[in-house]
Each structure stands twice: as C-alpha cells, then as structure tokens.
Amino acid sequence: MSVEKINVIWLQGQGCTGCTVSLTGATHPSLLDILGGFLPQASGIVLQYHPTIMLPHGEEALKNLRAAVKGELDPFVLVLEGAIPDEGKAGEMGGFWCMIGEENGKFMTFNDWLKRLAERAVAIVAVGTCASYGGIPHGKPNPTGAKGAFQYFGKDWKSKAGLPVVCVPGCPAQGEHVAETLAYLVLAVRGFLPPPALDEYNRPLFLFDKKAHENCPRAGLFAEGKYSEKFGEPYCMGLLGCKGPIAHCDIPRRGFVDGVGGCPTIGSICIGCTEPEFPDEPFSPFFKKAPPSVYAVEAFHDIMGKIYALLHRLKRREI
Ligand code: SF4
Ligand code: SF4
C-alpha cells in the first residue's frame, strides 16, 4: 500500500497514562522525530486523536473520532493504552467503567469506540501491559473484568491490512519501544518492510526476543555466584526476588530514558512487567524469588558454557 499520510488514533481505557508519559521521554526516535517527519520513510504520521496531548478538546476532539469511524481518516493506526473493561459488569450496576464523550445524548464507552474503530484500522497497537494483556486492572480479583487487546481480539485477528494486534507491553511501555513499533508499522503499511515478526504473545521479536536476565549487566555476577543479600549491593538480585530470568525485556541493556535507568541495572529487581501474567503469579509477590526451575536450567547452561570455554582454551589456536 503506497500512502502519503497515516493517521493515528490513540484511545485510553483503563490505564494511568504512564505509557503516554513514557512516549514523551523517547529519544531515539523521539515523539517529535516521528510527528515532525524527521525519519523520511516514516514521515506523514498525523496524530488525530490523543486524550492527553492533542490540542482540541470536547466536541472538536470527538469530531476526529467520528471522522475516523466514517472512513474519513483512512488509513489510520489505532493505538490502545489501558485495559479493556467488561462494560456488561458495570451495566449490571447501572454505570460504566470508561466513557469517551456522547452520541445523540447517550454516553459512549471506550468499548463502543473500540468496536467501531477496530473495523477500519489499518493496524492496532496495544501500548503497555494493560492494553496488551490487562496488566494492573486485570490483576486478581479483576473486579472490572479487564482484559488486554491480545485476549479481546485473539491471537489470529487481522486488521484490514492483514496485520495482527501488535503488543508493546511494559508497565509503563518504554518510550522508544512505542516509537520504534509505530515507525515499523508505518513502514510495513507502506510496503518498505514485511510485517514485524512476533512472539507467541504478539510482542515484536526485535524488541522482546531476549530475557531481561540475558540483557542484564549483573548477569556476569550471577554466573560468578555473587548475589546481593540486601538492596544497595552491586551484585545479582536473584535472592531479592528479581524475575529477570523469566521476563522478556531489553530495558536493562537499553535503559529507560535516553539510555539511563533499567530496573536491575540500577539496583531494583525486575518484576516481569512485560509478561501476560503480570502483576499476578509467578511475578508476585514481587519480592518472592523466581521459580527455582529457571535457576536450575541457567546453572545447567552455565556448567555447559564453562566446559565449552575450558575445551576451547585447551584447543590450539591458529593465527
Ligand atoms: S539482577 Fe536479575 S536480571 Fe540481573 S543477573 Fe540477577 S537475576 Fe538476572
Ligand atoms: S526489567 Fe523487568 S520490571 Fe524492568 S521494564 Fe523490564 S520486564 Fe519490566
């Protein structure tokens, strides 16, 4: 599909707006790079609706949602932030969970807009763990029946451009993860790139193929058996409850804002915020140690690695 302009409609459901705040902290590329056309092949992205950072408000803002539903903003990428509630549950009590404006004197829920917009969207991106898998609102006992786009649409759902829902989890999602995924999808819609390869939970592999543990600067200390026994010590934090060995994430290597930060990198345990089960077991209680099986597998690989390294050292080297 050759298109000059691609619109973005960003809806917020059950969330805290943390993923939007995170996106404004992206640096490579930044939100300004994306919206200002700094990346030539990903230029022409127009943010038509965003509850937090758009200029229009009230009726003027709703006009853009209505235009998108009518097809006047095609092609558009639908970005979801926050979980999708079960409005049926709220209805039983005579209320609603998430409301976005009114139509003909009736409240419109987030779910009403989602249904209408999903049919027309060229791609859907779920930003953050709430939008992807339900996240914090979906945590036990989940009183609002919250779910993420992955469960709501299903793994095999396809947009009208043939793209599945792309999930960019994280609590919040890392800003560049969002910016890169949006840029990638725009390039895919324009035919410059194939659709992004996704893992079993629809996370882009170019961001989520490795575990936090594999990207952690403390992994060498883990391999040497040096463990922190209290916070503030500079060693592996497995004993303090770090879930890096079971969470897919590159933040410990990439950092959170402009290369700075990154959970275990700066002395905080990984709580597995990019995973579908978060914030429930096995990621909570957060300070409980990760299941022993992952450490057993790691220890086995470690022994294999040491044998391999030893054999390699004994081998004569030709220069
Ligand atoms: S601090 Fe966590 S992620 Fe880093 S090496 Fe230890 S267990 Fe792995
Ligand atoms: S390191 Fe762990 S807690 Fe930190 S962002 Fe990654 S998955 Fe989330």
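Residues numbered from 1 in each chain as written. Chains lettered and ligands numbered in written order. Predicted model: local features only at pLDDT ≥ 70, side-chain atom pairs only at ≥ 80, totals over all residues. Heavy atoms only, no water.

1. A short note on the overall build of the protein chain
- A tally of regular secondary structure across the protein chain gives 13 helices and 7 strands.
- Scaling as 2.2 N^0.38, a compact globule of 319 residues should have a C-alpha radius of gyration of about 20 Å, and the protein chain matches this with 22 Å.
- Expressed along its principal axes, the backbone C-alpha trace of the protein chain runs to roughly 75 × 55 × 35 Å.
- The 319 residues of the protein chain split such that 50% are buried.
- Within the protein chain, residue pairs in contact and separated by at least 24 positions form 72% of the contacts whose partners lie at least 6 positions apart.
- Total accessible area on the protein chain is roughly 15,800 Å²; 59% of this is exposed by carbon and sulfur atoms.
- Across the protein chain, the mean location of the 31 positive side-chain charges is 5 Å away from that of the 33 negative side-chain charges. (Helix = DSSP H or I, 4+ residues; strand = E, 2+ residues; numbered from the N terminus. Rg over C-alpha atoms; globule rule 2.2 N^0.38 Å. Buried < 20%, exposed > 50% of the residue type's maximum accessible area, 1.4 Å probe, protein only. Contact = heavy atoms within 4.5 Å. Areas by Shrake-Rupley, 256 points an atom, 1.4 Å probe, with all protein chains shown as cover. Lys, Arg positive; Asp, Glu negative; His and termini not counted. Charge placed at Lys NZ, Arg CZ, Asp CG, Glu CD.)

2. Side note on the site of ligand 1
- The local shell around ligand 1 consists of His 213, Cys 216, Arg 218, Ala 219, Phe 222, Cys 236, Met 237, Cys 242, Gly 244, Pro 245 and Pro 264.
- Taking a 2 Å distance to the grid points as the criterion, the majority of the atoms of ligand 1 fall inside the largest cavity.
- Of the residues in the shell around ligand 1, the class split is 8 nonpolar, 2 polar and 1 charged. (Near = heavy atom within 4 Å. 1 Å grid on protein atoms, 1.4 Å probe; cavity = no way out; pocket = protein on both sides within 12 Å on 5 of 7 lines; lining within 4 Å. Sits in = over half its atoms within 2 Å of the grid points. Nonpolar A, V, L, I, M, F, W, Y, C, P; charged D, E, K, R; others polar.)

3. Points about the site of ligand 2
- Close contacts around ligand 2 come from Cys 249, Ile 251, Cys 263, Pro 264, Cys 270, Ile 271, Gly 272, Cys 273 and Thr 274, and that covers them all.
- In this structure the site holding ligand 2 corresponds to the largest pocket.

4. Describing empty space enclosed by the protein
- With the rule as written, the count across this model stands at 3 cavities of 30 Å³ or more.
- In this structure, the largest cavity spans a volume of roughly 110 Å³.
- His 213, Cys 216, Cys 236, Cys 242 and Pro 245 are the residues nearest the centre of the largest cavity, which is lined by 14 residues in total.
- Within the lining of the largest cavity, the residues separate by chemical class into 10 nonpolar, 3 polar and 1 charged.
- Its volume calculated, the second largest cavity comes out at about 70 Å³.
- Residue lining of the second largest cavity: Val 8, Trp 10, Leu 23, Leu 31, Ile 34, Leu 35, Ile 45, Leu 47, His 50, Ile 53 and Leu 182, and that is the complete set.
- For the lining of the second largest cavity, the secondary structure elements donating two or more residues are strand S1 (6-12), helix H2 (31-35) and strand S2 (45-49).
- A total of 3 residues in the lining of the second largest cavity trace back to one element, the largest contributor, which is H2.
- When the residues that make up the lining of the second largest cavity are grouped by side-chain class, the tally is 10 nonpolar, 1 polar and no charged. (Points joined across faces, edges and corners; volume = space filled by probe spheres on them.)

5. A closer look at unusual backbone geometry
- Looking along the chain, the bond that leaves His 28 and enters Pro 29 is cis, with omega of 5°.
- The omega torsion across Lys 140 and Pro 141 is 10°, close enough to zero to call that bond cis.
- Tracing the sequence through the fold places Pro 141 in the loop between helix H7 (135-138) and helix H8 (149-153).
- Its identity as a non-glycine residue notwithstanding, Asn 104 has a phi of 50°, on the positive side.
- The residue Asn 104 is located in the loop between strand S4 (99-103) and strand S5 (106-109) in this model.
- Accessibility expressed as a relative area gives 83% for Asn 104, which makes it exposed.
- In the Ramachandran plot, Asp 258 falls in the positive-phi region, its phi being about 50° despite a non-glycine side chain.
- In this fold, Asp 258 is placed in the loop between helix H12 (251-254) and helix H13 (292-314).
- Taking the relative accessible area as the measure of exposure, Asp 258 reaches 46% and is therefore partly exposed.

6. A look at the pairing of strand S6 (residues 123-127)
- With 5 of 5 residues buried, S6 lies mostly within the body of the structure.
- Side chains Ala 123, Val 125 and Val 127 of S6 all project onto a buried face; the interleaved residues Ile 124 and Ala 126 project onto the opposite face, where all are buried too.
- Pairing analysis gives 5 bridges linking strand S3 (residues 76-81) to S6, with the strands arranged parallel. Note on S6: the bridge partner recorded for Glu 81 is Val 127. (Pairing = 2+ DSSP bridges.)

7. Regarding the domain arrangement of the protein chain
- Along its sequence, the protein chain is organised into domain 1 (6-208) and domain 2 (219-306).
- The gap between the C-alpha centroids of domain 1 and domain 2 is 29 Å.
- Facing 24 residues of domain 1, the contacting portion of domain 2 comprises 16 residues.
- Counting each side, the surface lost to burial between domain 1 and domain 2 is near 1,700 Å², with a carbon and sulfur contribution of 53%.
- Viewed at the interface, domain 2 and domain 1 are joined by 4 salt bridges.
- Lys 140 serves as the salt-bridge partner of Glu 281, at 2.9 Å between the closest nitrogen and oxygen.
- Here domain 1 is connected to domain 2 by 12 residue pairs in polar contact (both at pLDDT 80 or more).
- Mapped onto the side of domain 1 that touches domain 2, the elements with two or more residues apiece are helix H6 (128-133), H7, helix H9 (175-189) and helix H10 (205-208).
- Of the residues that constitute the side of domain 1 that touches domain 2, the class distribution is 9 nonpolar, 11 polar and 4 charged. (Domains from an automatic or database assignment. Buried area = accessible area lost by both parts, 1.4 Å probe. Salt bridge = Lys/Arg side-chain N within 4 Å of Asp/Glu carboxyl O. Polar contact = N/O pair within 3.5 Å; in protein donor to acceptor, adjacent residues only side chain to side chain.)

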